[in-house]
Amino acid sequence: MNIATQSVGRLFEQSCSSSYVPYDTKAIVVVGTGPVGIHFITELLKRDCGLTVVVYGGEPWHPYDRVRLSSYLAGEVARDELELDASMQSKAGVEIRLNCTVLSIDRNARTVTDEAGGVQHYSHLVLAVGSRPFIPSIGNIHYKGVFTFRSLSEADELFARRIRSRHTVVIGGGLLGLETARAMQQYNTKITVVEHNQWLMMQQLDQRGGQYLKTLVEQKGIY
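Nothing here was measured: the structure is a model prediction, and the numbers come from that model.

Q: Give a description of helix α3 (residues 152-161) that names residues and reports values.
A: Working note: α-helix, 3.6 residues per turn, so residues spaced by three or four point in the same direction. Taken as a whole, α3 has its buried residues at Leu152, Glu154, Ala155 and Leu158. Projection of α3 onto a plane perpendicular to its axis shows the buried side chains occupying an angular sector of 155°, all on one side.

Quick look at the structure:
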């Protein structure tokens, strides 16, 4: 998915320890630097370029396209191709505070507090934090070689394991799980997909469709 950010405007990328927008400014605060958060800012600035926007991102990376992480893991796109474009055509001030997690929200005071103790006032608050992977309560998930796959950092870790891995087990037969299985199927790596539902992609397919998909997946050497 290509998220256009042609109207993001004047962009200031800071960390928790350094800010351009004063904390007492009642800015529009967006929590999340994923495609949804960046797309929201783009559409917002198309309508009013005189706004002050503060964006919080918990990762150290510039905003990137999470939808293409599977393609990156498969070696189909380069790492720098994931970065979302951020032009500087508008006079609106947008500050992105990278590697800066929001810890709490005070709705009465209309403030957010970040991990460095900064308290930012807001006029409007938008939460665009996305989803988190479901981790089964099976224990031992802290062992070396066990990964989740939802962020660029996790994709980098899996990317580094592709050559050494001889057998990869993917828990989850949804779309992301199957994309991950395909991406990790490099260098003759054996892939096993474990799905607790009755068929693959149960949320999107009926039983007959799930059976067709299972046959197709097995034909590609994934079991």
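Q: Describe the environment of glycine 32, naming the residues involved and giving the relevant values.
A: Here glycine 32 is to be found in the loop between β2 (27-31) and α1 (35-47). With relative accessibility at 11%, the residue glycine 32 sits in the buried group. Separated by 95 residues in the primary sequence, glycine 32 and leucine 127 have C-alpha atoms spaced 6.7 Å apart. Among all residues touching glycine 32, those that are not within four sequence positions of it are Gly37, Val55, Tyr56 and Ala128.

Q: Any details on the nonpolar core? Residues and values, ideally.
A: Ranked by internal contacts, the top residues of the largest apolar core, which has 23 residues, are Leu69, Leu82, Leu178 and Val193. Residue assignment for this core shows that the elements contributing at least two residues are α2 (69-73), α3, α4 (175-184), β9 (190-194) and α5 (207-219). With four residues, the top contributor of residues to this core is α4. When residues no more than four places from it in sequence are discounted, the contact partners of leucine 69 are Tyr64, Leu82, Phe149, Arg150, Ser151, Leu152 and Ala155. Ile41, Val53, Val55 and Ile96 belong to the second-largest nonpolar core, a separate cluster that totals twelve residues.

Q: Let's hear about empty space enclosed by the protein: which residues, and what values?
A: Gaps left between atoms are located by rolling a probe of water-molecule size over the structure's atoms. Here the structure, examined in full by the defined rule, presents one cavity of 30 Å³ or more. When its volume is computed, the largest cavity comes out at roughly 30 Å³. A class-by-class count of the residues in the lining of the largest cavity yields three nonpolar, three polar and two charged.

What counts, and where the lines are drawn
Residues numbered from 1 in each chain as written. Predicted model: local features only at pLDDT ≥ 70, side-chain atom pairs only at ≥ 80, totals over all residues. Heavy atoms only, no water. Buried < 20%, exposed > 50% of the residue type's maximum accessible area, 1.4 Å probe, protein only. Helix = DSSP H or I, 4+ residues; strand = E, 2+ residues; numbered from the N terminus. Arc of directions from axis to C-beta. Contact = heavy atoms within 4.5 Å. Core = buried A, V, L, I, M, F, W, Y, C linked by side-chain atoms within 4.5 Å. 1 Å grid on protein atoms, 1.4 Å probe; cavity = no way out; pocket = protein on both sides within 12 Å on 5 of 7 lines; lining within 4 Å. Points joined across faces, edges and corners; volume = space filled by probe spheres on them. Nonpolar A, V, L, I, M, F, W, Y, C, P; charged D, E, K, R; others polar.

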